[in-house]
Amino acid sequence: MSNRKFKKSHIIALFLLLGGNLLFLFTLWLLSKYDHILLDQIIYQMKTSGAGANEDLLNSAYVRVILFGILLTAGEFFLWRIIAGKMVGWKEKYSRYATFCEGKICAFFKRHTIPMAAGMLTISVLFFALELRVASYIHKATTETDFIETHYADPETVQITFPKTKRNLIYIFLESMETTFADPKAGGTITQDLIPQLSALAKENIHFSNTDGLGGSYALTGATWTASAMVAQTSGMIVKVPLDADTYGGEDAYIPGITSLGEILEKQGYAQTLLIGSDAEFAGRETYFTEHGNYNIVDINSLKAEGRLPEDYREWWGFEDAKLFEFAKEELTKLAQVGKPFNFTMLTADTHFPDGYLCPDCPQTHNEQYANVLSCSAQKVDAFIDWIKTQPFYENTTIIISGDHLTMDPIFLEDIDETYTRTVYNCIINAPMEPKQETNRQFATFDFFPTTLAAMGAEIEGDRLGLGTNLFSEKKTLAEQYGYEQLDEELQHKSEFYNTRFLGMEQATAR
């Protein structure tokens, strides 16, 4: 074999080995940082803006995947050179090494460089595919179902009647907030109610539950990360990510075919603001809320531009919740003076994985940081609600408090009872009516789309919008009709209707 061909084989083997190592370490990193992450979330993130992502999380990926991957590959290649007898100087210096280089092991490694490197890559691909259930995803993504088409209630054709005096809406998305944190029956690290203030709010107000106690909603496929959860709760539709779909957000349209809460309220003359303690562009959130409701976006970038935050300020994902709630008070005060009904939506961030952000004023009464962060968040939300109740606009304002999805922290809840059903927190304050049934309901986060409008006093023809059902009514939700597991299974399958109706994809392309 010529020296040129030999060097070429080295290069090919190096790239195969590096690719395998990077994929293997990336899979390990995902499993260490995310709880039950699925392929759709990874594909979604690849198709959306990553601007404003948490720097600690990114740095962790750079170090544990890229840097370690390069170092591991360099070490493996050096070891291969030793075993394959490429250390010429050692042959001259060490007779035992020279003898080893004449043996079968040395000859095998020398002749099978590329196959061994390819084998390492294959192992990594299989590891990634098994852990993220790639085969199942591909099967379902290529198996057609008409479930969404059959059950979609188009807000453009459903009659929605608002009360003569329109109510304001304050919608508070709580990052990763689930009722598990309040239920010692879950076991593991949950030995007491970590969020007593939120539990009290739920018990004192309207709280929909899957049990006869403190429970919540299911986070189904396509609504398990923040951007998709916000879409689901404000449009009644999940986020499906076909492999051949265009990007979400950025310069492209964000699910252009859906009709959202923001669009409905915009037509009713509402002033609308979205407050986020990070970069709203991340994961396409800014595009969604501006295209679907023309919200005024208040995030770390706009606050810096207005001089309300220092240019070089950055904490956690942007700025901490202690500041977020103060800005929320300022924005609500301004909205109340506009002379229109308003929709104020906000998203907290301190309870984001991993471990959350523990601000200096948070009491440290628990052993785990994440437990302290959760307790601190509950206190801040409670104080914010108390402030709202003292404002002149409160009497005519409905407040929705909802977790966005289940926590993705892979460690904090790893020891809970395997039979325990984790659900997303919810609470509705100051609604003008009472629900027919609050407890022992089976429902998903997308049911909050029509439920929110009903909580504002709107009457919905048929009590269904999108895939959601008005929980104030007696109408069965899709989860109650089909069961949680079957519903989740149906939503994972390919939907030609979804691709063409909501994404605007051509049928030939969607196939």
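Note that this is a predicted model, so its numbers are computed, not measured.

Turning to the overall build of the protein, a few remarks are in order. Regarding its fold elements, the protein presents 21 helices and ten strands. In terms of overall dimensions, the protein has C-alpha extents of about 95 × 55 × 45 Å along its principal axes. Counting the 511 residues in the protein, one finds 55% classified as buried. Only carbon and sulfur atoms are counted for the fraction: they give 53% of the accessible area of the protein, which is about 22500 Å².

Our focus in this paragraph is the state of the cysteines. Applying the stated criterion to the full structure yields one disulfide. With a sulfur-sulfur separation of 2.1 Å, Cys362 is cross-linked through a disulfide to Cys376. Measuring the twist about the S-S bond at about -80°, one finds the Cys362-Cys376 disulfide to be left-handed. Of this pair, Cys362 sits in the loop between β5 (342-347) and α16 (369-389) while Cys376 is found in helix α16, placing the two residues 14 residues apart along the sequence. A relative accessible area of 6% places Cys362 in the buried class. Under the relative-accessibility criterion, Cys376 is labelled buried at 4%. Cysteine Cys101 shares no disulfide, and the gap to the nearest cysteine sulfur, in Cys106, comes to 4.3 Å. Since its relative accessible area comes to 11%, Cys101 is described here as buried.

A complete count under the given rule lists 28 aromatic pairs for this structure. Plain terms: the ring middles of Phe208 and Phe472 are 5.5 Å apart, the flat faces sit at 85° to each other, and that makes the pair edge-to-face. With a gap of 264 residues between them, Phe208 in the loop between α10 (196-204) and α11 (226-235) and Phe472 in the loop between β10 (468-469) and α18 (478-482) connect regions that are remote in the sequence. A residue is classified by how much of its surface remains accessible, and Phe208, at 0% relative accessible area, is buried. Here Phe472 falls in the buried class, since its relative accessible area comes to 5%.

Before going further, it helps to examine helix α3 (residues 55-83). Under the 1.5 Å per step criterion, the end-to-end length of α3 is 40 Å for 29 residues, consistent within 8% with the ideal 42 Å. The principal kink in α3, of about 30°, is found at Phe68. Along α3, the positions that sit buried rather than exposed are Leu57, Ser60, Ala61, Val65, Gly69, Thr73, Phe77, Trp80 and Ile82. After α3 finishes, the residue Gly85 shows a positive phi value of roughly 75°.

Judged by side-chain polarity, Leu58, Tyr62, Val63, Ile66, Leu67, Phe68, Ile70 and Leu71 come together as a nonpolar surface patch covering roughly 720 Å² of accessible area. Leu58 gets classed as partly exposed once you look at its relative accessible area, which sits at 34%.

Enumeration over the complete set of coordinates arrives at twelve salt bridges. Between Lys140 and Glu489 there is a salt bridge, with its nearest N and O atoms 3.3 Å apart. Pair noted here: Lys140 is in helix α8 (residues 134-141) and Glu489 is in helix α19 (residues 484-492), with a separation of 349 residues, a long-range link. In this structure Lys140 comes out as buried when scored by relative accessible area, which is 10%. The exposure class of Glu489 is partly exposed, given its relative accessible area of 34%. Lys334 is the salt-bridge partner of Glu331, the closest N and O atoms lying 3.2 Å from each other. With a gap of three residues between them, Glu331 and Lys334 both fall in helix α15 (residues 321-336), about one helical turn apart. Taken together, the salt bridges that share partners define one network made up of Glu306, Arg308, Glu330, Glu331 and Lys334.

Conventions adopted
Residues numbered from 1 in each chain as written. Predicted model: local features only at pLDDT ≥ 70, side-chain atom pairs only at ≥ 80, totals over all residues. Heavy atoms only, no water. Helix = DSSP H or I, 4+ residues; strand = E, 2+ residues; numbered from the N terminus. Buried < 20%, exposed > 50% of the residue type's maximum accessible area, 1.4 Å probe, protein only. Areas by Shrake-Rupley, 256 points an atom, 1.4 Å probe, with all protein chains shown as cover. Disulfide = S-S within 2.5 Å. Phe/Tyr/Trp six-rings, centres within 6.5 Å; stacked < 30°, edge-to-face > 60°. Expected span 1.5 Å × (residues − 1). Bend = angle between axes of the 7 residues up to and from the residue. Patch = residues over 30% accessible without salt bridge, like charges linked within 9 Å, V, L, I, M, F, W, Y side chains within 5 Å. Salt bridge = Lys/Arg side-chain N within 4 Å of Asp/Glu carboxyl O.

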